[in-house]
Amino acid sequence: MLDADIAKCFDKINHQVLLDKLNTFPAMRRQIKAWLTSEIKDGNELFPSTEGTPQGGVISPLLANIALHGLENHLMDWIKRQKLRFPNGNVKSKRDKESSLSVIRYADDFLIIHKDLEIIREATDITKKWLAHLGLKLKASKTRICHSLNRYEKEKPGFDFLGFNVKHFKVGKHHANKTTNGKIKPYTLHIKPAKEAYLRHYRDLSQIIDRLKAAKQEVLIKKLNPVIRGWSNYYRYSVCSEIFSKIDSLIFWKLKKWADKRHPNKSWKFKRPKYWKTIGGDNWVFSDGKNRLIKHKKNYDETKKKTRKQERKSHGEIFKKVQNIRSPYDGDIVYWSSRLGKYPNTPTSIAKLLKWQNGKCPHCGLNFKDEDVMEIDHIIPRQAGGGSSYKNLQLLHRHCHDKKTREDLKLIAEYQNRKESEKQHNKSIKWFNDLFSQEKWKWINDTPVMTSVHDKESCF
């Protein structure tokens, strides 16, 4: 695979190529051109801007993505023209060629993955030529060809991408996975926080603790918790348990030094109960009684329990990749509501039902389309005793809703007949109870014998 980074991506983008790629209306084009060519002020001097986007600006990442858009399509068109074969000698189709090459890009970082080393080398040259017309080039110090399982030349196996370390590990036959064809894979994939990422996170937490040496415990906890929660939530779906425990241990010793500096003449017997409490079976919770410090491992375990409770069929449905042609701004209500459970200008009830139903109509089993008319239906009709909670709601096509309504008429009629029978039955029971209560009765030889007010005895 090729693990690459673009050198000075924001500073070297060609303005003319970027404006041509925008393909927008003239007023917007003129405005963006004015932003790109606006002069840069350094002290009292102004410098012209002839290339690049204003780094640090709100729109800079968007403009960079627009400029780099098309790299994936260019490589896919190139791979389709190559003569590739399967191990048995059969020629690969265009579809097989396209699926054999993977291109993953996020801003100026990207990966190119393929089984054949020669294809990776050729793809590197193709990428360099494509970037040249944008005025860009690959950064040599951060561009490397590596393998995910074995060492290649002097490069270690695996790679870091977006703060994660991705690497394959060899396993025995009892721990090996199987492919879709039933073949055994003698390796497993581990995605975990990169070493640089968790060390940088620890440094950030240490700086907060050092900066608040004289602050109250409550203030320190409120400053640390958002940082810990955000970082642990980002990495919670990776192999992170050991790293989280390690960071929690390092933070404990850092907080211990913080407590020692606050009370240099006090013993540990004084500091331990003052700053660490026992909460829910955990004897080492940094807390002042009202606020508690979140632990990376504890936050991960709680998230894991919530994930297991989700009513899903497979791992792939929980972590479903966003399609490469999708954008939250493309107006596809069905796709984004099914994925997120919410979407602008879409009723919350419809968005939630789309997500719970995975974008399918439960009556016909077909996927919803953006142009379909959708209606909310009560699974058990309200006239048949059904409620209006989400458990009793489903989203159907309009024509499917009409069919179900016709089927529900029989159910409603049966329900009403049953209710009428129950009403008559209850009326009869009430009449009998009223009649029975007017009489006096007693047990004689295990038999209820009623004694009338006027007569001496009457058998019932």
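Remember, predicted model here, so these are calculated numbers, not experimental data. (Residues numbered from 1 in each chain as written. Predicted model: local features only at pLDDT ≥ 70, side-chain atom pairs only at ≥ 80, totals over all residues. Heavy atoms only, no water.)

The next point concerns the layout of surface pockets. What the second largest pocket holds in volume is close to 1,200 Å³. Every residue lining the second largest pocket is counted, 37 residues in all, and those nearest its centre are Asp3, Lys142, Asp160, Phe161 and Glu196. Of all the secondary structure elements, the ones that give two or more residues to the lining of the second largest pocket are β1 (2-5), α1 (9-12), β7 (159-161), β8 (164-170), β11 (187-193) and α8 (195-211). The element contributing the most residues to the lining of the second largest pocket is α8, with 5 residues. (1 Å grid on protein atoms, 1.4 Å probe; cavity = no way out; pocket = protein on both sides within 12 Å on 5 of 7 lines; lining within 4 Å. Points joined across faces, edges and corners; volume = space filled by probe spheres on them. Helix = DSSP H or I, 4+ residues; strand = E, 2+ residues; numbered from the N terminus.)

Before going further, it helps to spend a moment on a positive patch on the surface. On the surface, Arg151, Lys156, Lys195 and Lys246 cluster together into a positively charged patch. Among the secondary structure elements, Arg151 is positioned in the loop between β6 (144-145) and β7. A residue is classified by how much of its surface remains accessible, and Arg151, at 53% relative accessible area, is exposed. (Patch = residues over 30% accessible without salt bridge, like charges linked within 9 Å, V, L, I, M, F, W, Y side chains within 5 Å. Areas by Shrake-Rupley, 256 points an atom, 1.4 Å probe, with all protein chains shown as cover. Salt bridge = Lys/Arg side-chain N within 4 Å of Asp/Glu carboxyl O. Lys, Arg positive; Asp, Glu negative; His and termini not counted. Charge placed at Lys NZ, Arg CZ, Asp CG, Glu CD. Buried < 20%, exposed > 50% of the residue type's maximum accessible area, 1.4 Å probe, protein only.)

Attention shifts here to the packing of α8 against helix α10 (residues 241-262). Contact geometry of α8 with α10 gives a least axis separation of 11 Å together with a crossing angle of 20°. Judged on the interaxial angle alone, α10 and α8 are roughly parallel. The crossing of α8 and α10 is right-handed. In this structure, α8 uses Tyr198, His201, Tyr202, Leu205, Ser206, Ile209 and Asp210 to contact α10, whose residues at the interface are Ile243, Lys246, Ile247, Leu250, Ile251, Lys254, Leu255 and Trp258. Its residues assigned to classes, the contact of α8 with α10 comprises 10 nonpolar, 2 polar and 3 charged. (Axes fitted to C-alpha atoms, helices over the stretch in contact; angles between N-to-C directions. Parallel < 35°, antiparallel > 145°, perpendicular 65-115°, else oblique. Left-handed = near helix turned anticlockwise from the far one by under 90°. Contact = heavy atoms within 4.5 Å. Nonpolar A, V, L, I, M, F, W, Y, C, P; charged D, E, K, R; others polar.)

Here we come to the environment of Ile251. By secondary structure assignment, the location of Ile251 is in helix α10. Accessibility expressed as a relative area gives 6% for Ile251, which makes it buried. With 44 residues separating them along the chain, Ile251 and Lys295 place their C-alpha atoms 9.4 Å apart.

For the rest of this paragraph, the subject is unusual backbone geometry. With the exception of glycine, the majority of residues adopt a negative phi angle, and the majority of peptide bonds are in the trans configuration. A positive phi angle is found at Glu153, which is not glycine, with a value near 55°. Residue placement: Glu153 occurs in the loop between β6 and β7. What makes Glu153 exposed here is its relative accessible area of 61%. The backbone phi angle of Leu162 is positive, close to 55°, even though this residue is not glycine. Mapped onto the fold, Leu162 is located in the loop between β7 and β8. A relative accessible area of 36% places Leu162 in the partly exposed class.

Before going further, it helps to spend a moment on the sheet that holds β11. Backbone-to-backbone hydrogen bonds join strands into a sheet, with any given pair of strands oriented parallel or antiparallel. Within the open sheet, the 3 strands sit side by side as β7-β8-β11. Their pairing is antiparallel. Of all the strands in the sheet, just β7 and β11 have a single pairing partner and so form its edges. This sheet shows a mean twist of 30° between the axes of neighbouring strands, independent of strand direction. (Pairing = 2+ DSSP bridges.)

Here we take up the packing of aromatic side chains. Each aromatic ring pair is characterised by the separation of its centres together with the angle its planes make. Tallying each qualifying case throughout the model produces 17 aromatic pairs. Each ring, one from Trp231 and one from Phe244, has its centre 5.7 Å from the other, and the planes form 50°; the classification is tilted. Residue Trp231 is located in helix α9 (residues 217-235), and its partner Phe244 is located in helix α10; the two are separated by 13 residues in the primary sequence. Classification of Trp231 as buried rests on a relative accessible area of 12%. Judged by its relative accessible area of 0%, Phe244 is buried. Judged by centre distance (5.8 Å) and plane angle (75°), the rings of Trp258 and Phe286 are edge-to-face. With Trp258 in helix α10 and Phe286 in strand β13 (residues 282-286), this pair connects stretches of sequence that are 28 residues apart. According to the relative accessible area criterion, Trp258 is buried, its value standing at 3%. (Phe/Tyr/Trp six-rings, centres within 6.5 Å; stacked < 30°, edge-to-face > 60°.)

This brings us to the sheet that holds β1. Across the sheet, which stays open at both edges, the 4 strands sit in the order β4-β5-β1-β6 with antiparallel pairing between neighbours. Two strands bound the open sheet, and with one partner strand each, they are β4 (102-106) and β6. Sheet analysis places β4 next to strand β5 (residues 109-113), joined by 5 bridges and oriented antiparallel. Along β5, the bridge assignment pairs Arg105 with Phe110. Contacting β1, β5 and β6, helix α7 (residues 117-132) runs over the sheet at an angle of about 145° to β5.

Inspection of the secondary structure assignment puts His15 in helix α2 (residues 15-22). When sequence neighbours within four positions are dropped, the list of residues in contact with His15 reads Leu36, Thr37, Ser49, Thr50, Glu51 and Gly52.

Turning next to the pattern of salt bridges. Tallied over the full model, the rule gives 16 salt bridges. In this structure, Arg144 engages Asp3 in a salt bridge whose closest nitrogen and oxygen atoms are separated by 3.8 Å. Of this pair, Arg144 sits in strand β6 while Asp3 sits in strand β1, and the two are 141 residues apart along the sequence. Like Asp3, Arg144 is buried. Its salt-bridge partner being Arg105, residue Glu72 comes within 3.7 Å of it at the nearest N-O pair. Placement of the pair is Glu72 in helix α5 (residues 71-80) and Arg105 in strand β4, with a sequence separation of 33 residues. Using a relative accessible area of 21% as the deciding quantity, one classes Glu72 as partly exposed. Linked by salt bridges that have partners in common, Asp3, Arg144 and Glu155 make up one network.

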